[in-house]
Amino acid sequence: MAYTVSKLTDYSAEALEKAAAGCVRACADEAAAVRNDAELKAFRDRWLGRKSGVLTQINDLWLKGAPKDAKREAGILVNELKARIQELVDGAQVSGSGDDADEQRVDISLPGVRRPIGAEHPVIKTTNEMVRVFQKLGYSVADGPVVETDYYNFEALNFPPNHPARDTQDTLFIAGQQSKPQRERLLLRTHTSPVQIRTMETMRPPIRIVIPGTVHRNDPPDASHSPMFHQIEGLAVDTNITFGDLKGTLDHAMKEFFGSSVKTSFRPSFFPFTEPSAEMFVSCFICGGSGKRGNDPCRPCKQTGWIEILGCGMVDPNVFEFVKDNAYDPKRVSGFAFGMGADRIALLKYGVDDLQLFFNGDVRFLGQFA
Ligand code: PHE
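The rules behind the values
- Residues numbered from 1 in each chain as written.
- Predicted model: local features only at pLDDT ≥ 70, side-chain atom pairs only at ≥ 80, totals over all residues.
- Heavy atoms only, no water.
- Axes fitted to C-alpha atoms, helices over the stretch in contact; angles between N-to-C directions.
- Helix = DSSP H or I, 4+ residues; strand = E, 2+ residues; numbered from the N terminus.
- Parallel < 35°, antiparallel > 145°, perpendicular 65-115°, else oblique.
- Contact = heavy atoms within 4.5 Å.
- Near = heavy atom within 4 Å.
- Polar contact = N/O pair within 3.5 Å; in protein donor to acceptor, adjacent residues only side chain to side chain.
- Areas by Shrake-Rupley, 256 points an atom, 1.4 Å probe, with all protein chains shown as cover.
- Buried < 20%, exposed > 50% of the residue type's maximum accessible area, 1.4 Å probe, protein only.
- Pairing = 2+ DSSP bridges.

A. Here's a closer look at the packing of helix H1 (residues 13-33) against helix H4 (residues 71-91). In contact at an axis separation of 10 Å, H1 and H4 are set at 10° when each is read in the N-to-C sense. Judged by the angle between their axes, H1 and H4 are roughly parallel. Within the contact between the two elements, H1 uses Leu16, Glu17, Ala20, Cys23, Val24, Cys27, Ala28 and Ala31 and H4 uses Glu73, Ala74, Leu77, Leu81, Arg84, Ile85, Leu88 and Val89.

Written out as structure tokens, the structure is:
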């Protein structure tokens, strides 16, 4: 028989408990018996219906009818009861009863549930393509922590403590590190170069590695900056590695990546961990190096016909000194390193004019790269 709310005459704690328990039991039984959506709705209305649902009746019959001195107790109990009933109603589900009548309601001609297929993010896609170019040259992939120590991010890369070159990196430091010795203090790595040291500590020469990863700098977000961005680093160490190897490797890699018609150009630069250092430009793959698109100026290369792609150089002997114990004797080995911004390359490659579009997670934008 369906549960009905009866008037309470006995307001002793015992009687109240009993009435409440009976009510909860009835509700749970009814919840378990729900077999289809129509019954679920009827069940819900019967218990929660505003006008004459069971809870409303309980309010009227148990609470309003309570003698003065029992009002408080009854109020607390009814509140608990309401919460419990609400839970039961919310938790009620159409049970697969195996009933033939129910099964026939499944319309197998309806289209199935379509799950949207995920795709690589354009920056990750660009990174993977670039990594692949180096893998084909025999490089393997290495990685390291994003929260790094001062030692790996700076000191072992030949940025001495307090050296002004550190200022170029706009570092985000982890708070509360002042009590530690400087080299142990934590920060968000500002470049992927610390992984050069970490890898040389564990792998003896010869090595050839590419290091994709996120880095952080204290740059406010705008169309071309982001406090988090992506780099792809490379390191090759062996005996007799020369600047010619660096140029040949990178020229080949750029032709693989951007197309065989691009040219490369190296201009002197400075990084504490490479000597000599250079910036490498590729001929603008948008205007073909002319600086013009029809009669209009080419914006990506600022009409110069060249686009800066990466920083590079020969590993500074001072860097090898930090990993000398693992067979990196600067008198015996030499190497080159390079680092590029994956986000910038993706912007250029896809002709996107605002870096923020890569990071604010709008699927309408990201879906275009699937
Ligand atoms: N780490 C440098 C940067 O973030 C790039 C670089 C890497 C330069 C390797 C030379 C060699 O600016």
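B. Representation of the site of the ligand. Around the ligand there are 14 residues in total, and His191, Ser193, Arg217, Gln231 and Gly339 lie nearest to it. Here a nitrogen atom of the ligand and a side-chain polar atom of His191 are 3.0 Å apart. Contact between the ligand and Arg217: an oxygen atom at 3.0 Å from a side-chain N or O atom of the residue. For the ligand, the protein covers 91% of the area, taking 330 Å² as the surface of the free molecule. It is strand S11 (residues 334-341) that provides the largest number of residues to the shell around the ligand, a total of 3 residues.

C. A look at the environment of Ala28. Here Ala28 shows up in helix H1. Sequence separation between Ala28 and Glu148 is 120 residues, and the spatial gap between their C-alpha atoms is 55 Å.

D. Representation of the pairing of S11 in the model. Across the 8 residues that make up S11, a large majority, 6, are buried. Relative to S11, strand S5 (residues 228-238) is paired through 8 bridges, and the arrangement is antiparallel. Counterpart to Ala236 in the pairing with S11 is Phe336.

E. Examining unusual backbone geometry more closely. Here Pro205 and Pro206 are connected by a cis peptide whose omega angle stands at 0°. Mapping Pro206 onto the fold places it in the loop between helix H8 (194-202) and strand S4 (207-216). In the segment running from Glu275 into Pro276, the intervening peptide bond is cis, with an omega of -5°. When you line up the elements, Pro276 lands in strand S7 (residues 274-283).

F. Fine view of the side chain of Thr56. Residue position: Thr56 is located in helix H3 (residues 54-63). Reaching out from Thr56, the side chain makes a polar contact with the backbone oxygen of Gly49 at a distance of 3.1 Å. Those residues within four positions of Thr56 in sequence are excluded, and the remaining contacts are Gly49, Arg50 and Lys51.

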